[in-house]
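Here are the chains, one letter per residue:
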Amino acid sequence: MFGRLLRPARSVPIVLRNVERSYSVASSLRTFARASANRPELTKQTPGVFVRFSSSSSSSKGAESVVTGEPVSGFNKEDEEDGPATAEDVARIMRDLGETPVDVTKDRAAQMEAMDDPEFKLEDAEEMIKEELIEETETATGPAEKRDFQAETRKLLDIVAHSLYSDRKVFIREIVSNASDALEKLRYKQLTNNDQISDSDLPLEIKISVDKEKGLFIIQDTGIGMTEAELVENLGTIAHSGSKQFLNELTDDKGVSKDGIIGQFGVGFYSTFMVGNKVRVYTRSSQPGHKGYRWESDGSGSYDISEAEGVQRGTKIIIELKDDSKEFSELGKVRTIVSDMSNFVSYPVSINGDLVNTVKAIWTMPKNEVTEEMHAGFYRFISGDYQDYTYMYQFNTDVPIEIKSLFYIPSYHSEKLGMGQTEPGVSLYCRKVLIQNNVKKILPEWMRFVKGVVDSADIPLNLSRELLQDSTLIARMRDLFGDKIVREIAKQAKKDPAKYSKWYKDFGSFVREGIVTEPGNRERIATLVRYESSKKNAGELVGMQDYVDRALPDQDMIYFITAPSRAVADESPYMEAFREKDIEVLYMYEELDEIVMQHLGEFGKKRVVHISSSEANLHKDTPESTDEKHLDLAKWMAESLGKDVVKDVKISTRLTKAPVGIVDPTSVGMRRMLQMIDSDRASKIPPQTLEINPSHPILTKLNSVRADQPDVAQRVTRQLLENALISAGLCEDPRTMLERINLLLEDALTRGDK
Ligand SMILES: Nc1ncnc2c1ncn2[C@@H]1O[C@H](COP(=O)(O)OP(=O)(O)OP(=O)(O)O)[C@@H](O)[C@H]1O
């Protein structure tokens, strides 16, 4: 019974200080109540408390902590079975213990009364609420050197400081995440190098302190710190890729709102100037022998750097808050924000002396113990994304290598805004120790949008990061994860096609890149592509597997057409035969798709072919016309057009409504690519094969006039070829046809006169 998690009926995410083990549940609650009474902001924000017992305890002495409004899941499974406990449960247990329950959610007078108990020691409460503020004990020595910010940085700072930005609290996440990175870097150094590290006895931790009276927000870490050169490089220029993108975006003015962009990418350290008039940084590198430095700026054009004394290893940032940002010196408010975001920081984070996080490596936890909230929080923590992920996939295995992994498929990516390639987003751990962030090659390159964690005890810690990326272990993981993630997305797509279509609209280009770049896994990746189809309405997407499942019993190919739009696809001369035989055709609207399909080649044992290819001729078995007149016409047309323009002119067995078509046309997508590489080489369209429908009125007429009116007949023949090229998407510049068309029009009208 005592091992259960006690949960108030209503709770808010606020973390209170740990309560000593020696307190009974009741006195813990009383202490809390007393603390709340002295601190109205806590009472206001904490309508309930959690009481967590250590699971082995059979007495109330085991009360571990009065902690947080967030559920502490997985604490003790057996006892959780009867559901989360409520405030009433707390009260009942306390009564069982012979204690008077204190409902801290009631009004202050009731709390004070309840606290009137001989067991309650005021000193304990006072001891508990004594805050540990971080003091500014460092002093600058020597002259301050004034330096100008790099032009780009100045611009960014100006935007950040002056934009009307609604969600300024993001600065906390940015600097907590920088502090966490600095600690990870130090831990990695400790593990891999024999280098000495200064102040090696300092614990690895992040301390935050807010001082309402002085209007200060301070954060201090004991991480890797910065040398003077690093300080100039890192805080004087823009290294942060996100910020650069942000700036380019604003410069290009693509119609994206400024707020949206800040929200999307964060602006790193510079976000401190959203809330601060003045920001001071004290830092000392972990490499022994380096001095401490002070960096200070008001966020306008320049900053000052000077040597400083009394600087501990790591970095301390002091923000003097602007008048409109004083809320960030309020303990309750900041505690809520930090506890929300710091749960996944692998180091203790404290605020004014209180520990606010329980370090959770959620990828090592059993799947069923990780709640959706934990995933959402963890995703935001590792991705820096301000939006939710679309899919999540946790994959663990013990053989042949031990792996614990957790992947998230985001709902948003920046490449579509033309912001360059996304960095890979998976971090590599060995038994919860971060080896490297953003590891390349651990997933196929096209999956660079995936965020996540891979933890494997088999990773050699002493291998350099470069060598590690090229190791066979990483290559094996890449193949394994590549395959697993595709399968998982395909599974999710099947479960909820509408959700998948929405995701695919944004991420389809990655999938298609995958088909082109991953020869070993093409067919599997192709389960993810979606296209419109001749059998569905506009906007409805179908997958390759749906197509195969619906194919006619004797249909051995998958047919597609590439066209700039649905209307153009519908009008293709080659669609006729498919409509007639009720065969589905996939509509692809991007030139790239043709190349994708060429690479794919086959799906579900069916060849994937363009409807204009000779392979796609549904009337293959119909014998070609042997009519002399038709053969003569074809021959004459071929001679009249010349070898430079046509390879051959053939009698079609499949055209019924259209007069002509081009068979196996040069790939439009390929031409476009060649043009990009070498515009001269690709400028001329190579000779094509023209197919004619000799029973079409234009062709029968052409045949009858070609002897008497050779000029008109030649013009018509040339224009028929141009029409077929237009239809195949191979028309270079229609203006070259104008003179001919005008002559044909003139001729048509003159004939009308006769
Ligand atoms: N607490 C810190 N300790 C050590 N170095 C830091 C700290 N904070 C920032 N830095 C250095 O300053 C650089 C710039 O920080 P900023 O937050 O602007 O961007 P970033 O962290 O590189 O970008 P991103 O947020 O995309 O990772 C960091 O890369 C890091 O080298």
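Residues numbered from 1 in each chain as written. Predicted model: local features only at pLDDT ≥ 70, side-chain atom pairs only at ≥ 80, totals over all residues. Heavy atoms only, no water.

Worth spelling out the cut-off: UniProt positions are given in the numbering used here, feature names are shortened, and annotations may be inferred rather than shown by experiment.
The name an unreviewed UniProt entry assigns to the protein is Histidine kinase/HSP90-like ATPase domain-containing protein, from the organism Sphaeroforma arctica JP610. For the record of the protein, the UniProt heading Sequence similarities (unreviewed entry) holds the text "Belongs to the heat shock protein 90 family."

1. Let's talk about the sheet that holds strand β14 (residues 403-410)
Spelled out, the test is: Paired strands, in this sense, are two strands between which DSSP finds at least two bridges. Labels follow the DSSP assignment, with helices taken as runs of H or I lasting at least four residues and strands as runs of E lasting at least two, numbered in each case from the N terminus. A fitted line through C-alpha atoms represents every axis, and for helices the fit uses only the stretch in contact; the resulting angles, taken between N-to-C directions, go from 0 to 180 degrees. Two residues qualify as a contact provided that any one of their heavy atoms is within 4.5 Å of a heavy atom in the partner residue.
In space, the 5 strands of this open sheet follow the order β13-β14-β17-β15-β16, with mixed pairing throughout. Strands with a single pairing partner mark the edges of an open sheet, and in this sheet they are β13 (389-397) and β16 (433-436). When strand polarity is set aside, the average angle formed by the axes of neighbouring strands in this sheet is 20°. As paired elements, strand β15 (residues 425-430) and β16 share 3 bridges and run antiparallel to each other. Within β16, the position partnered with L428 by the bridge is Q436. Strands in contact with helix α16 (residues 472-495) are β13, β14, β15 and β17 (451-455); relative to β13, the strand with the most contacts, it is inclined by about 130°.

2. Overview of the pattern of salt bridges
Inclusion rule: We define a salt bridge as a side-chain nitrogen of Lys or Arg found within 4 Å of a carboxyl oxygen belonging to Asp or Glu. For the exposure calls, accessible area comes from a 1.4 Å probe over protein chains only, and a residue counts as buried if that area is under 20% of its type's maximum, exposed if over 50%, partly exposed in between.
Taken as a whole and assessed by the stated rule, the structure comprises 31 salt bridges. Ionic pairing is found between E590 and R512, a salt bridge with its closest N-O pair at 3.6 Å. One end of the pair, E590, is in the loop between β21 (585-588) and α22 (591-600); the other, R512, is in helix α17 (residues 497-517), and 78 residues separate them in sequence. You can call R512 buried: its relative accessible area is 8%. A salt bridge links K535 to D582, with the nearest nitrogen and oxygen atoms 3.4 Å apart.

3. Some points on the packing of aromatic side chains
For any pair of aromatic rings, the description rests on two quantities: the centre-to-centre distance and the angle between the ring planes. The line we're drawing: Centre distance within 6.5 Å is the pairing criterion for rings of Phe, Tyr and Trp, where only the six-membered ring of Trp is used; planes under 30 degrees apart are then read as stacked, over 60 as edge-to-face, and the remainder as tilted.
A complete count under the given rule lists 27 aromatic pairs for this structure. Within the aromatic cluster, the residues linked to one another by ring pairs are Y391, W446, F449, Y500, W503, Y504, F507 and F510.

4. Description of the packing of α22 against helix α24 (residues 668-677)
We apply this condition: Angles are sorted into four bins: roughly parallel if under 35 degrees, roughly antiparallel if over 145, roughly perpendicular if 65 to 115, and oblique for all others. Here the term charged refers only to Asp, Glu, Lys and Arg, the term nonpolar to Ala, Val, Leu, Ile, Met, Phe, Trp, Tyr, Cys and Pro, and the term polar to all other amino acids, Gly among them.
Axis separation between α22 and α24 bottoms out at 7 Å; the angle between their running directions is 110°. Classified by the angle their axes make, α22 and α24 are roughly perpendicular. Residue-level inspection shows E591, E594, I595 and Q598 of α22 in contact with α24, the latter providing V668, G669, M670, R672 and M673. The class makeup of the residues in the contact of α22 with α24 is 4 nonpolar, 2 polar and 3 charged.

5. Observations concerning the sheet that holds strand β6 (residues 216-221)
Strands sit in the order β4-β9-β8-β7-β10-β6-β5-β11-β12 across an open sheet of 9 strands; the sheet is mixed. Strands with a single pairing partner mark the edges of an open sheet, and in this sheet they are β4 (139-148) and β12 (354-355). Two elements, strand β5 (residues 206-211) and β6, share 6 bridges in a ladder whose sense is antiparallel. In the strand pairing of β6, S209 is matched with I218. In this fold helix α8 (residues 170-192) packs onto β5, β6 and β10 (314-321), with an angle of close to 20° to the strand it touches most, β6. Where helix α9 (residues 228-236) meets the sheet, it contacts β4, β7 (276-284), β8 (292-297) and β9 (302-309), and its direction lies at approximately 150° from that of β9.

6. With respect to helix α26 (residues 710-727)
The criterion, for reference: By this rule, a helix spans an expected 1.5 Å times one less than how many residues it contains.
The end-to-end C-alpha distance of α26, which contains 18 residues, comes to 26 Å, matching closely the 26 Å that a straight helix rising 1.5 Å per residue would cover. Buried within α26 we find V712, A713, T717, Q719, L720, L721, E722, A724 and L725. Note on α26: the residue one or two positions beyond its end, G729, has a positive phi of about 80°.

7. Some details on a nonpolar patch on the surface
Short version of the rule: To count toward a patch, a residue needs a relative accessible area over 30% and no salt bridge; like charges are then connected within 9 Å, while nonpolar side chains (Val, Leu, Ile, Met, Phe, Trp, Tyr) are connected within 5 Å. Exposure was quantified through the Shrake-Rupley algorithm and a 1.4 Å probe, taking into account, for residues, occlusion by the shown protein chains and nothing else.
Judged by side-chain polarity, M670, M673, L674, M676 and I677 come together as a nonpolar surface patch covering roughly 500 Å² of accessible area. With respect to the element layout, I677 can be found in helix α24. Using a relative accessible area of 68% as the deciding quantity, one classes I677 as exposed.

8. So, the side chain of Q394
Definition in use: Between N or O atoms, a polar contact is any pair within 3.5 Å; within protein, one atom must be a potential hydrogen donor and the other a potential acceptor, and residues adjacent in sequence are included only when both atoms are from side chains.
Residue placement: Q394 occurs in strand β13. Given the relative accessible area of 6%, Q394 is considered buried. Polar contacts involving the side chain of Q394 include one to the main-chain carbonyl oxygen of M365, which spans 3.4 Å.

9. Overview of the side chain of E184
Secondary-structure assignment places E184 in helix α8. A distance of 3.4 Å separates polar atoms of two side chains, one belonging to E184 and the other to S346. Every residue in contact with E184, bar those within four places of it in the chain, is listed here: S346, Y347, Y429 and L434.

10. Considerations on unusual backbone geometry
Residues other than glycine predominantly adopt negative phi, and peptide bonds predominantly adopt the trans conformation. Positive phi, normally seen in glycine, also occurs at D582, with a value near 55°. Despite not being glycine, D664 shows a phi value in the positive range, around 45°. Inspection of the secondary structure puts D664 in the loop between β25 (660-663) and α24. You can call D664 partly exposed: its relative accessible area is 41%.

11. What about the pairing of β9?
Side chains on a regular strand alternate between the two faces of the sheet. By the bridge criterion, 7 bridges tie β4 to β9 in an arrangement that is antiparallel. Bridge pairing in β9 links R147 to Y303. Sheet topology note: the β8/β9 ladder contains 6 bridges and is antiparallel. Within β9, the residue paired with S297 across the bridge is Y303. In textbook terms, the turn of a hairpin is the stretch between consecutive antiparallel strands, and for β8 and β9 this stretch comprises 4 residues, one of which, G299, has a positive phi near 80°.

12. What about the environment of V281?
Along the polypeptide, V281 turns up in strand β7. Since its relative accessible area comes to 1%, V281 is described here as buried. Each C-alpha atom, one on V281 and one on I219, is 9.6 Å from the other, the two residues being 62 residues apart in sequence. Contacts of V281, omitting those with residues within four sequence positions, involve L231, L235, F269, Y293, R294, W295, T315, K316 and I317.

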